[in-house]
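So the chains spell out like this:
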Amino acid sequence: MSPSYSTGGSKTQRTNHDAIPSSVHGGVKVLAVIIGLTVALAVAGAAPATTPVPGQVSALKAIRLALAAGHIDGATANAGRAEISRAAHLVRTLPSGRREHVDVALEELAAFSGRLTAPRALALIGQLQANDDYFAKHYAPAPKTDVTDADGLVYRYFAGQCLEFHPLANFGALNARVAANDAEGAQQLADALIARGVYQPGGGIAWEYFFNYSGGRAPWLSGMAQAVAAQAFARTAALVPDEATALMREARAAYRVIPAHLLTSVPAGPWIRLYSFQSLRVLNAQLQAVVSLQSYATTAEDPDASALAARMERAAAATLPSFDTGYWTYYSLPYEPSPLDYQQFVVQLLKKLAPDDPRFAAAATRIAAYQHQPPAFQLTNTSLGALRFWLSKPATVQANTAAGPTKRVSLDGGWHTLSWGEPKHPGVYAVHVSATDWAGNQASFDALPIVRATAAGTATAARRTAASTQSAAAPFVVGSALDDPSQAAALQKLGLHLARFGVAWPVGATAPDPSLVAALQSLPAGLGSVLELNATPLPVDDAGRGALAQYAASLAQQTPSLQSLVLAPAPTTATAGDYAAAFDQIRAAVQAVLPDAPVGIALDGDLAPAATLTALGAITPDLVAFHPAPAAGKGLWTTTQLPQLKLALAAVSGSAPPVLLDGPAAPNAALISSLACGAQVAGVVLTQLSDATVAVASAAASAQRGALVCPGVASQVQATGLTYPTTPAQPVAAQFGCDIDCLYLVTLDGPDDRPVVARRGALRGGNAPATIVLPKAKLGAGPYRVGVRLVASVNPGLVTTLESPPLG
C-alpha cells in the first residue's frame, strides 16, 4: 500500500512527509471543510473580529510561513486559515469552561510558527478542528477521555488543556481494529497516521506529541508509542496483504527511531524512554515496549529488533525488584508510586511475559495481590502530642483524637508524623487511626493514647477506662525436631522457641522412665516443648488405651515446658477408629491433671488426609500437627492445601483448631514469613535442626517477635510476667514483658482517674520482663492505681489496657 490520505475510500499517494495533497485534508475534503465553516459562521452570525484572540495571529503566521516555504499547498493553507478563524470565533463567543480549551488548541498550533511541516500541519489543524467540533457543543470531559474523528484518529483530553493528538492512543486503536479483523477500518486509520508521521534526523519516522508535558517542550516523542506503532503497522500489513509492503515499510521506519533516539539504560541493559526529553525509568513503558517489539520483530522478521527486545526483557526482569516495595509498586524510578490503573496494567503485561521468565510470573502474582491487601502499619514513640507511624503503601489516613482536630491526609508509603501538640487539659486521649488505600482496601488500629499528666490528682474527675482482658491469640512460633534434649541450647541460640521430642510409649507402661523425665526437665527456661507420643502399635482395647492415657498424663504433668502433646503416628483410614478412641482417652486424662494443656492429633498429607479426617469422626483436638506432602498429587495435601485442611477440620470437629506445620519440605525464609503472616498455621516445626539456616532462623526470630509486616493482620499484645507494686511508695515501678514487639505506656493514676505521672517506651517481644520505673511525684491522698497500656509495634490492632488494684 502506498502511503496515502484517507477520504472515505479514496486514496491520494504522497511521496514524502513534507508535502500534502491539494485535494484532501485529514480525511475530509478541503472544499467541504471550507463550505462547512462558511455556513457555520454565517449561521452563528459571526463577523470579522477587530481584535485577534491570543494565538490567532501566530497561528496564521505559521500557516503563511509554511506556505511560503513550500511545506504546504494553497488548499491546506486555506483550510488552516478557515479553522483558525472558526476557533477565534469560538474563543470569543463560547462560555467559560469551553472557550479556554479551544484557545489552548489554537495556541499549540501557533507555537509551531516557522516549524510547520506538512505532517505537523495535518495533525495540528486536525486537532484544532476536533476541539472546535467538541467544545462548540460540550464542556470538558473527564481527564483521559478519548474522542475520535471520521478516520478513527484519537484525541485525548488532558485536564486544563484540550483534546490532544495522542500517538500511543492512536496506535492502540489501530491494534484494536486489527484484533477485531476490521481490515477496512485498520487501513483507513493507518493511512491517516502515516500522513502524520514526521521524518527524523538520521532516518526513521516518528509521531509527535504537540503539548508541553512534565518539563518537556513540544514536540516530543515516546519510545513506548514508537514500539506500539511498529507493532501496529506490522500487524496491519498482515491483515491487508495488498498494502503489506508499504505498511511494513512504515513499521520498520517506526522501529528505527527507537535504537537511534529513544533508549536509555539501567545496569542490566537498555531501557525505553517513555518521554524523549528525559531518562525516567518507567516500568509499564518498558514491559509494553518489550511486548510490542517482540510482536513487530516476529512479523517483520527483524533480527535486530528481536535482539533488542531480548536485551530489554532481560533488563526488565533483573530490575523488577527495584520497582517492588513488597506492598505496592513504583510507577517509575526513583520511587514514584504507581497509580492503581497503571499497576493493573503492569500485571497484565507481566502475565504476557510470564512464559519467557519465571520472574515475570512470580511478580504478576505478587503485585496482583497488592491490590487486595489493606495498608499495614508500624509504630514508634515520638514527642508528646504526636503520632509517628510507618505506612506500607499510598493511602488516605485519618486520625481521630479528643486531643485535637481530626487529621485526614493523603500519604505515600514510609514514615510519617501527625502532631496535635500538648493537650491543654490533663487526661488520657485515645487515638484511633484508619486508612484507605488507592484500591479501596481499609485498615484501622488504636495507637497508645496521648497523655498529659497532672499533679497528685487535683483535676476534675474523669471516666475510668475499662481494663481489657488478655485474650489475644498466641504469637507465631518456630521450632525444630530434636533427637536429644542436649540439642536444646543450640536450638535456643538460633532464636527458635519450640522443641519437638519423639517419645516412644513402652506398650503397657503407665508412667515414663525417670531418666526421660529428668532429660525433659533439664530444658532451658523459655523453651517450649511439643511431645510427640508415639504409640506403635495403637492399643485396641480399653485396658491398653487406659494405660496409654495414664502414661500421657504422667508425662505431661512432669514436663514443665510442655506446650502440647500430640498422638503419633498419624492415622490412616484403616487405623482412624482405634486412633480416635485412644486420642479421646488421652485428652481426657491429660486435661484432668493439666486443664489448659493442648492435646492434638497428627495428620499426614501423604496419607489420604481428607478421607482420614472423615474416618476419624467427631474428634475434638486442641491442635493438629500437620505434616505436608512434599509434592502435589491426587488425594495429597501440601502446604497449598492448608485452607482445605482448615475447612475440613471445622467440618469434623465443629471448629478449626490451630495447625502446627510439622516438617515442611525445603523450608526457607520466604515460607516462614508467608506462614507467619497468614492465618492458616500457628507455628512451624522443622524436620531437623540443620534446616534452621541463617536466613530461616532470622525469619523465624522476626516472626516470633511479631516483627514481620503482615497486611490484614491486627495484632494485640499480651503482657508477660506482669507484676504491680503493692504501695505507692516512690519511685513507683511495674514489671512486665510483651509476647511480641510492643510500645508501652505506664501511668500512675490518681483518685480522679487521671494520670499523675507517665512513662513511654518499647520492649522486644519474648524478652524477659523489664522493670519500668515511673518519675517521682508528690502524692496526696489515694487511692492510686498503676495503668499499663500496650500496643503492637508492627501490625497494631487494639490497645491492651491493664490496671492494678488500688495501691495500699
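Conventions adopted
- Residues take numbers from 1 onward in each chain, read along the sequence in its written order.
- At least 70 in pLDDT is required for a residue's local features to be given in this predicted model, at least 80 for side-chain atom pairs to be given and counted, and no such filter applies to totals for whole chains, interfaces and linings, which use all residues.
- Note that the side-chain values use all heavy atoms of the structure and ignore hydrogens as well as water.
- Any pair of cysteine sulfurs within 2.5 Å is marked as a disulfide.
- Here's how the labels work: a residue is buried when its accessible area is under 20% of the maximum for its type, exposed when over 50%, partly exposed in between, all with a 1.4 Å probe on protein chains only.
- Classification of ring pairs rests on two measures: the distance between centres of Phe, Tyr or Trp rings, Trp counted by its six-membered ring, which must be within 6.5 Å, and the angle between planes, read as stacked under 30 degrees, edge-to-face over 60 and tilted in between.
- Secondary structure elements are taken from DSSP: a helix is a run of H or I of four residues or more, a strand is a run of E of two residues or more, and numbering for both begins at the N terminus.
- We define a salt bridge as a contact between a side-chain nitrogen of Lys or Arg and a carboxyl oxygen of Asp or Glu at a distance within 4 Å.
- In this description, strands pair whenever DSSP reports at least two bridges between them.
- Note on method: axes are straight lines fitted to C-alpha atoms, helices fitted across the in-contact stretch only, with angles between N-to-C directions ranging 0 to 180 degrees.
- Helix span is expected to be 1.5 Å times the residue number reduced by one.
- As used in this structure description, the phrase polar contact means that two N or O atoms lie within 3.5 Å; if the pair is within protein, one of them must be able to donate a hydrogen and the other to accept it, and residues adjacent in sequence are counted only when both atoms belong to side chains.
- Two residues qualify as a contact provided that any one of their heavy atoms is within 4.5 Å of a heavy atom in the partner residue.
- Residue-level confidence of the predictor is what pLDDT reports, using numbers from 0 through 100.
- We call a set of buried residues a nonpolar core when its members are Ala, Val, Leu, Ile, Met, Phe, Trp, Tyr or Cys and they connect through side-chain atoms within 4.5 Å of each other.
- Here roughly perpendicular refers to angles of 65 to 115 degrees, roughly parallel to angles under 35, roughly antiparallel to angles over 145, and oblique to all remaining angles.
- Each helix crossing is assigned a hand: it is left-handed if the near helix lies turned anticlockwise from the far helix by less than a right angle, otherwise right-handed if that turn is clockwise.
- The residue classification treats Ala, Val, Leu, Ile, Met, Phe, Trp, Tyr, Cys and Pro as nonpolar and Asp, Glu, Lys and Arg as charged. All others, Gly included, are polar.

Quick notes on the state of the cysteines
Next up, step 1: Per the stated rule, a full pass over the model turns up two disulfides.
Next up, step 2: Across the disulfide from Cys-738 sits Cys-742; the S-S distance is 2.0 Å. The S-S bond linking Cys-738 to Cys-742 shows a torsion near 65°; that makes this disulfide right-handed. Here Cys-738 matches Cys-742 in class, with each residue buried.
Next up, step 3: The cystine pairing of the chain, numbering bonded cysteines in sequence order, is 1-2, 3-4.

A short note on the packing of aromatic side chains
Next up, step 1: Summed over all chains, the structure comprises 27 aromatic pairs.
Next up, step 2: Taken together, a centroid distance of 6.1 Å and an interplanar angle of 85° make the contact between Phe-211 and Tyr-213 edge-to-face.
Next up, step 3: For Tyr-213, a relative accessible area of 30% translates into the label partly exposed.
Next up, step 4: Consider the rings of Trp-328 and Trp-438, whose centres lie 6.3 Å apart with planes at 85°: the pair is edge-to-face. Of this pair, Trp-328 sits in the loop between helix 11 (303-323) and strand 13 (330-333) while Trp-438 sits in the loop between strand 20 (427-437) and strand 21 (442-452), and the two are 110 residues apart along the sequence.

Thoughts on the pattern of salt bridges
Next up, step 1: Per the counting criterion, the structure on display carries 14 salt bridges.
Next up, step 2: The partner of Arg-366 in a salt bridge is Asp-324, and the shortest N-O contact between them spans 2.6 Å. Of this pair, Arg-366 sits in helix 13 (residues 358-370) while Asp-324 sits in the loop between helix 11 and strand 13; the two residues are 42 residues apart in sequence, bridging distant segments of the chain.
Next up, step 3: Since its relative accessible area comes to 35%, Arg-366 is described here as partly exposed.
Next up, step 4: By relative accessible area, which is 15% here, Asp-324 ends up buried.
Next up, step 5: Between Asp-542 and Arg-545 there is a salt bridge, with its nearest N and O atoms 3.6 Å apart. A residue pair is termed a helical-turn pair when its members lie 3 or 4 positions apart in one helix, as Asp-542 and Arg-545 do in helix 16 (residues 542-557) at three residues.

Thoughts on the sheet that holds strand 36 (residues 800-803)
Next up, step 1: Reading across the sheet, the four strands line up as 33-32-35-36 and stay open at both edges, with antiparallel pairing between neighbours. Edge positions in the sheet fall to strand 33 (755-763) and strand 36, since each of these pairs with one other strand and no more. Going across the sheet, the axis of each strand differs from the next one's by a mean of 15°, ignoring polarity.
Next up, step 2: In the sheet, strand 35 (residues 785-792) pairs with strand 36 via four bridges, with the strands oriented antiparallel. Residue pairing for strand 36: Gly-787 is matched across the bridge by Glu-803.

Quick word on the sheet that holds strand 24 (residues 528-534)
Next up, step 1: Strand order around the closed barrel formed by eight strands is 22-23-24-25-26-27-28-29, with parallel pairing between neighbours. Between one strand and the next, the sheet's axes are offset by a mean angle of 30°, whatever the strand orientation.

Some words on helix 8 (residues 223-239)
Next up, step 1: Helix length check: helix 8 (17 residues) gives 25 Å between terminal C-alpha atoms against 24 Å at 1.5 Å per residue, within 8%.
Next up, step 2: Most of helix 8 sits out of view: 15 of its 17 residues are buried.

Points about the side chain of Ser-332
Next up, step 1: Looking at the secondary structure, you find Ser-332 in strand 13.
Next up, step 2: At a separation of 3.0 Å, a polar atom in the side chain of Ser-332 contacts the side chain of Glu-336.
Next up, step 3: For Ser-332, the contacting residues outside a window of four places in its chain are Leu-280, Arg-281, Val-282 and Phe-323.

Considerations on the environment of Pro-643
Next up, step 1: Mapped onto the elements of the fold, Pro-643 is located in helix 19 (residues 642-653).
Next up, step 2: Judged by its relative accessible area of 38%, Pro-643 is partly exposed.
Next up, step 3: Spatially, the C-alpha atoms of Pro-643 and Leu-308 are 44 Å apart, while their sequence positions differ by 335 residues.

Notes on the confidence of the model for the chain
Low pLDDT means the predicted atomic positions in that stretch should not be read closely.
Next up, step 1: Averaged over every residue, the pLDDT of the chain is 91; residues scoring 70 or more account for 91%.
Next up, step 2: Low pLDDT (under 50) marks residues 1-49, which in the prediction has 105 contacts with non-local residues, meaning those over four places away or in another chain.
Next up, step 3: Every residue in residues 456-465 scores below 50 in pLDDT, and together they form 24 contacts with partners more than four places removed in sequence or on other chains.

Remarks on the nonpolar core
Next up, step 1: Ranked by internal contacts, the top residues of the largest apolar core, which has 112 residues, are Leu-116, Phe-171, Leu-174, Leu-193, Phe-233, Leu-287 and Leu-350.
Next up, step 2: When residues in this core are grouped by element, the largest group, 11 residues, is from helix 8.
Next up, step 3: Apart from residues lying up to four places away in sequence, Phe-233 is in contact with Phe-171, Leu-174, Ala-190, Leu-193, Ile-194, Trp-207, Leu-247, Glu-250 and Ala-251.
Next up, step 4: Counting residues in each nonpolar core, the second largest holds 76 residues, with Ala-535, Ala-556, Val-685 and Leu-708 among its members.

Considerations on the pairing of strand 18 (residues 404-411)
Next up, step 1: In terms of strand pairing, strand 17 (residues 395-401) meets strand 18 through six bridges, oriented antiparallel. Bridging across to strand 18, Thr-396 finds its partner in Ser-410.
Next up, step 2: With antiparallel pairing between neighbouring strands as the criterion, strand 17 and strand 18 make up a hairpin whose turn holds two residues.

Some words on the packing of helix 16 against helix 17 (residues 576-593)
Next up, step 1: Packing of helix 16 against helix 17 leaves a shortest axis separation of 8 Å and a crossing angle of 40°. Regarding the angle of helix 16 to helix 17, the classification is oblique. Here helix 16 and helix 17 pass one another in a crossing that is right-handed. Of the residues in helix 17, those touching helix 16 at Asp-542, Arg-545, Gly-546, Leu-548, Ala-549, Ala-552, Ala-553, Ala-556 and Gln-557 are Asp-578, Ala-581, Ala-582, Gln-585, Ile-586, Ala-589, Val-590 and Val-593.
Next up, step 2: In terms of residue class, the contact of helix 16 with helix 17 is made up of 11 nonpolar, three polar and three charged.

A word on the environment of Asn-131
Next up, step 1: As for its placement among the helices and strands, Asn-131 is situated in helix 5 (residues 118-135).
Next up, step 2: In the structure, Asn-131 is positioned 44 residues away from Ala-87 in sequence and 8.6 Å away in space, judged by C-alpha atoms.
Next up, step 3: Contacts of Asn-131, omitting those with residues within four sequence positions, involve His-101, Val-102, Ala-105, Ala-136, Cys-162 and Leu-163.
Next up, step 4: Polar contacts involving the side chain of Asn-131 include one to the main-chain amide nitrogen of Leu-163, which spans 2.8 Å.

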